[in-house]
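Chain by chain, the residues:
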Amino acid sequence: MRDDGAVTSSTPGPRIPAPTAPRLIATDLDGTLLRDDKSVSPRTVAALAAAEEAGIEVFFVTGRPARWMDVVSDHVHGHGLAICGNGAAVVDLHGGPGQHRFVKIRELAVPDALEVVRILRAAAPGTSFAVERTGGLHHEPTYPPLHVEPGESVAPAEKLLGEQSTDSDVADQPVLKLLAYHPELGPDAFLTLARTAVGDLAAVTRSSPSALLEISARTVSKASTLELCCRERGISPAEVVAFGDMPNDMEMLAWAGTSYAMGNAHPDVLTAATGVTDTNNEDGVARVIEQLLAARATA
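In this report, the structure presented in the accompanying data block is examined. (Residues numbered from 1 in each chain as written. Predicted model: local features only at pLDDT ≥ 70, side-chain atom pairs only at ≥ 80, totals over all residues. Heavy atoms only, no water.)

Some points on the overall build of the chain
Inclusion rule: Strands are runs of DSSP state E lasting at least two residues, helices are runs of H or I lasting at least four, and both sets are numbered from the N terminus onward. For every residue, the accessible area (1.4 Å probe, protein chains only) is compared with the maximum for its type, and the residue is labelled buried under 20%, exposed over 50%, or partly exposed between those bounds. Residues count as neighbours in contact if any of their non-hydrogen atoms are within 4.5 Å of one another. Note that accessible areas follow from Shrake-Rupley with a 1.4 Å probe, and for residues the cover is restricted to the protein chains shown.
Within the chain, the regular secondary structure consists of 10 helices and 14 strands. In the chain, buried positions account for 53% of the 299 residues. Across the chain, the fraction of contacts at a sequence separation of at least 24, relative to all contacts at a separation of at least 6, is 61%. Within the structure as shown, the chain displays about 12300 Å² of accessible surface, and the carbon and sulfur contribution to it stands at 53%.

Spelled out as structure tokens, the structure:
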């Protein structure tokens, strides 16, 4: 179902120590739960299973599209839910690879996406775009091969987003996010420029080490969609432990009562989290989960 409701997430009051009885763990994937080779270590698999056996829900919260979730689909255990596209979709992974089902969609309105394209073309000449819809990725001819798959279609962004598309099936697919790449600007400089230019028209963030921006509807973020999911379950921010490493994780880390930046995190991420754990290659997420479960057992 589609959900366009606005959610305002703010940093809660005094931050609390890690709870001995958290109800939900929210973890990013790339650079966080996954090692650099994109594997999930046996230690991490065991920690996730132990958390869920203890009654703690685990949510994967990622910038990845749903179709790139095969890397963790074997480790979702009982619930099978993931927040994808930086909060643009909640998907059920129970069906296995290629069989995901969209549970919630928070789309980027086409008029807003077109206006963002116009603004960034003027503010940062040389920017190229891709459009992530529920059915796949579509990109401009100048957009570089940054992803693991070819585009479903190749055309200027205005055509990919416009009604002149002859493929009605594609045109009917909601836009989850817009991607913008610049070949010369530094990643942080491009992010700052784009946020200033776009303003509150859309949410602009990044998770890539390159100058690749991810643009969603203005109220959409990992944090706001996680908040929606937690409200539906009666879970408060104080009962959530979150993990992340890049700017697109910062709102989520600030919203959660307890949060950890990875040892390999972007420097800005350290300002949003309540603590720091080991790097992704050192199983930093698993280490914290083990400590939480040990504290719970002795409480």
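Things to note about the pairing of strand β2 (residues 57-61)
Short version of the rule: A strand pair is defined by DSSP finding two or more bridges across the two strands.
With four of its five residues buried, β2 lies for the most part within the structure. In terms of strand pairing, strand β1 (residues 24-27) meets β2 through four bridges, oriented parallel. Each residue of the ladder has a partner; that of I25, found in β2, is V58. With two bridges connecting them, β2 and strand β3 (residues 81-84) associate as parallel partners. The residue bridging V61 from the neighbouring strand is I83, located in β3.

Some details on the sheet that holds strand β8 (residues 153-154)
Spatial strand order, β8-β7-β6-β9-β11-β10: six strands in an open sheet with mixed pairing. Unpaired on one side and paired on the other, β8 and β10 (202-205) mark the two borders of the sheet. The sheet contact formed by strand β6 (residues 128-133) and strand β7 (residues 136-139) spans four bridges and is antiparallel. From the neighbouring strand, V131 faces β7, where its bridge partner is H138.

What to know about the packing of helix α4 (residues 110-123) against helix α7 (residues 187-198)
Going by this rule: For helices, the fitted axis covers only the stretch in contact; all axes are lines through C-alpha atoms, and the angles between them, taken along N-to-C directions, range from 0 to 180 degrees. For classification, angles of less than 35 degrees are called roughly parallel, those exceeding 145 degrees roughly antiparallel, those between 65 and 115 degrees roughly perpendicular, and all remaining angles oblique. The handedness criterion is simple: a crossing whose near helix is rotated anticlockwise from the far helix by less than a right angle is left-handed, and one whose near helix is rotated clockwise is right-handed.
Running from amino to carboxyl end, α4 crosses α7 at an angle of 125 degrees, the nearest separation of the two axes being 10 Å. The angle between the axes of α4 and α7 places the two elements in the oblique class. Of the two possible hands of crossing, α4 and α7 adopt the one that is right-handed. Residues V116, I119, L120 and A123 of α4 touch α7, and the partners they reach there are L193, A194, A197 and V198.

Here's the deal with the environment of E149
Here E149 lies in the loop between β7 and β8. Measuring from C-alpha to C-alpha, the distance between E149 and G136 comes to 9.4 Å, with 13 residues separating the pair along the chain. Not counting the four nearest positions on each side in its chain, E149 is found in contact with R67, W68 and L137.

Some points on the packing of helix α2 (residues 42-53) against helix α10 (residues 284-298)
Rules: Only Asp, Glu, Lys and Arg are considered charged in this grouping, and only Ala, Val, Leu, Ile, Met, Phe, Trp, Tyr, Cys and Pro are considered nonpolar; every other residue, Gly among them, is considered polar.
As a packed pair, α2 and α10 sit with axes 9 Å apart at the nearest point and diverge in direction by 35 degrees. Crossing geometry of α2 relative to α10 is assigned as left-handed. Of the residues in α10, those in contact with R43, T44, A47, L48, A50 and A51 of α2 are A286, R287, I289, E290 and L293. Residues that form the contact of α2 with α10 fall into these classes: seven nonpolar, one polar and three charged.

Some points on the nonpolar core
Where we set the bar: To form a nonpolar core, buried Ala, Val, Leu, Ile, Met, Phe, Trp, Tyr and Cys residues must be joined to one another through side-chain atoms within 4.5 Å.
Among the nonpolar cores identified, the biggest contains 32 residues, and F60, M69, V72 and I289 are the most heavily contacted of them. Of all the secondary-structure elements, those providing two or more residues to this core are α1 (29-33), α2, β2, β3, β4 (89-92), β12 (240-244) and α10. Here this core gets six residues from one element, more than from any other, and that element is α10. Beyond its immediate chain neighbours, meaning those up to four positions away, I289 contacts I25, A47, L48 and A51.

Considering the pattern of salt bridges
This is how the line gets drawn: A pair is scored as a salt bridge if a Lys or Arg side-chain nitrogen falls within 4 Å of a carboxyl oxygen belonging to Asp or Glu.
Counting across every chain of the model gives 19 salt bridges. The salt bridge involving D92 is made with R101; its shortest N-O contact spans 3.3 Å. Residue K104 is joined to E232 by a salt bridge in which the shortest nitrogen-to-oxygen separation is 2.8 Å. Taken together, the residues K104 in strand β5 (residues 101-105) and E232 in helix α8 (residues 222-233) connect sequence positions 128 residues apart. According to the relative accessible area criterion, K104 is buried, its value standing at 4%. Bridged by salt links that share partners, the residues E57, K104, E232 and R233 form one connected network.

Considering α4
Put simply, the rule reads: The span one expects for a helix is its residue count, reduced by one, times 1.5 Å.
Taking 1.5 Å per residue as the helical rise, α4 with its 14 residues ought to reach 20 Å, and the 20 Å between its terminal C-alpha atoms agrees with that figure. The elements touched by buried residues of α4 are β6, α5 (157-161), β9 (175-181), α7, β10 and β11 (212-217).

A short note on the sheet that holds strand β13 (residues 258-261)
A sheet is described by the order of its strands in space; here eight strands give the open sequence β5-β4-β3-β2-β1-β12-β13-β14, paired in mixed fashion. Only two strands of the sheet have a single partner each, and these edge strands are β5 and β14 (275-276). Relative to β14, β13 is paired through two bridges, and the arrangement is parallel. When the bridges of β14 are listed, A261 appears paired with V276. Running at roughly 155 degrees to β2, α8 makes contact with β1, β2, β3, β4, β5 and β12 of the sheet.

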